[in-house]
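Commentary on secondary and tertiary structure
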Amino acid sequence: MTRLLGIDLGERRIGLALGDDDGSAARPLSTLRRGADLAADEAALRAVIDTERVDELVVGLPLEASGVEGPQARLTRAWAAALGKRIAIPVILRDERLSSHLAETRLGPMKRGRSGGPPSKTQRDAYRARVDREAAAIILQDELDTRAGSRSSMPRAPGSQEISR
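Below: a short report on this structure. (Residues numbered from 1 in each chain as written. Predicted model: local features only at pLDDT ≥ 70, side-chain atom pairs only at ≥ 80, totals over all residues. Heavy atoms only, no water.)

**Some details on the packing of helix H3 (residues 99-107) against helix H4 (residues 121-147)**
At a minimum axis distance of 8 Å, the contact between H3 and H4 shows a crossing angle of 115°. As H3 packs across H4, the resulting crossing turns out to be right-handed. Each of Ser99, Ser100, Leu102, Ala103, Glu104, Arg106 and Leu107 in H3 lies in contact with H4, whose residues at this interface are Tyr127, Arg128, Arg130, Val131, Glu134, Ala135, Ile138 and Ile139. Here the residues of the contact of H3 with H4 are counted per class, giving eight nonpolar, two polar and five charged. (Axes fitted to C-alpha atoms, helices over the stretch in contact; angles between N-to-C directions. Helix = DSSP H or I, 4+ residues; strand = E, 2+ residues; numbered from the N terminus. Left-handed = near helix turned anticlockwise from the far one by under 90°. Contact = heavy atoms within 4.5 Å. Nonpolar A, V, L, I, M, F, W, Y, C, P; charged D, E, K, R; others polar.)

**Details of the pairing of strand S2 (residues 13-20)**
Among the eight residues of S2, eight are classified as buried, and the element is accordingly described as predominantly covered. The alternating pattern of S2 places Arg13, Gly15, Ala17 and Gly19 and Ile14, Leu16, Leu18 and Asp20 on opposite faces, both of which are buried. Bridging between strand S1 (residues 3-9) and S2 involves seven bridges; their strand directions are antiparallel. Bridge assignment links Arg3 to a residue of S2, and that residue is Asp20. Between S1 and S2, which follow one another and run antiparallel, lie three residues. Pairing of S2 with strand S3 (residues 27-33), which is carried by six bridges, proceeds in the antiparallel orientation. Looking at the pairing, Leu18 lines up with Arg27 of S3. The hairpin formed by S2 and S3 contains six residues between the paired strands, and Gly23 there has a positive phi angle of roughly 100°. (Buried < 20%, exposed > 50% of the residue type's maximum accessible area, 1.4 Å probe, protein only. Pairing = 2+ DSSP bridges.)

**So, unusual backbone geometry**
Comment: phi is negative for the bulk of residues other than glycine, and the bulk of peptide bonds are trans. Residue Arg53 is not a glycine yet carries a positive backbone phi of 55°. Its place among the elements puts Arg53 in the loop between helix H1 (38-52) and strand S4 (56-61). The residue Leu98 is not glycine, and still its phi comes out positive at about 70°. Summarising the element assignment, Leu98 is placed in the loop between strand S5 (91-95) and H3.

**Some details on the packing of H1 against helix H2 (residues 71-86)**
In a pair of packed helices, the angle between the axes and the distance between the axes together describe the arrangement. For the pair H1 and H2, the least separation of the axes is 11 Å and the interaxial angle reads 60°. Compared by their axis directions, H1 and H2 come out oblique. Considering how the two elements wind past one another, H1 and H2 form a crossing that is right-handed. Across from Leu38, Ala39, Asp41, Glu42, Leu45 and Arg46 in H1, the residues of H2 making contact are Trp79, Ala82, Leu83 and Arg86. (Parallel < 35°, antiparallel > 145°, perpendicular 65-115°, else oblique.)

**Things to note about the environment of Leu29**
Its location among the elements puts Leu29 in strand S3. The class of Leu29 is partly exposed, set by a relative accessible area of 31%. As a C-alpha pair, Leu29 and Leu16 span 13 residues in sequence and 5.4 Å in three-dimensional space. In this structure Leu29 touches Leu5, Leu16, Ala17, Leu18, Val48, Glu52 and Arg133, once residues within four positions along its chain are discounted.

Honestly, that's just the spatial picture; any functional story needs more than this.
What follows is the structure in structure tokens.
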């Protein structure tokens, strides 16, 4: 059995999900704050990798709607490649188009603030963290489904998406 950690990489947060290739569903795990640099991200991720005994990372690749790599996808690919060189487990890239939208649909609308007003900053931040975790679970579940031979629920990016160590 292989344990995988799904990653939804954002500018401020890293959504995490955990899953095994034994047919069980991916599940949201936690949301980390992005560090000031790659070393800080690596330290935070390494703690999770060690605690959860993770064998592989599955990083969401934010392709544009047309399927081409835009600036954010290039940044994510570079981050994943650099991280892969620093850790001793495989890093796989997975098309993440629509994962945040699907996550928001699953979670429903953000809760309103007190007395029905707009949500507070704390409520917005908590909701965004939940969306990031759920998006990571969607990305990871897509990878698990593909490995199991099931039909993918997400659009597939052209070409190979694996980054070797």
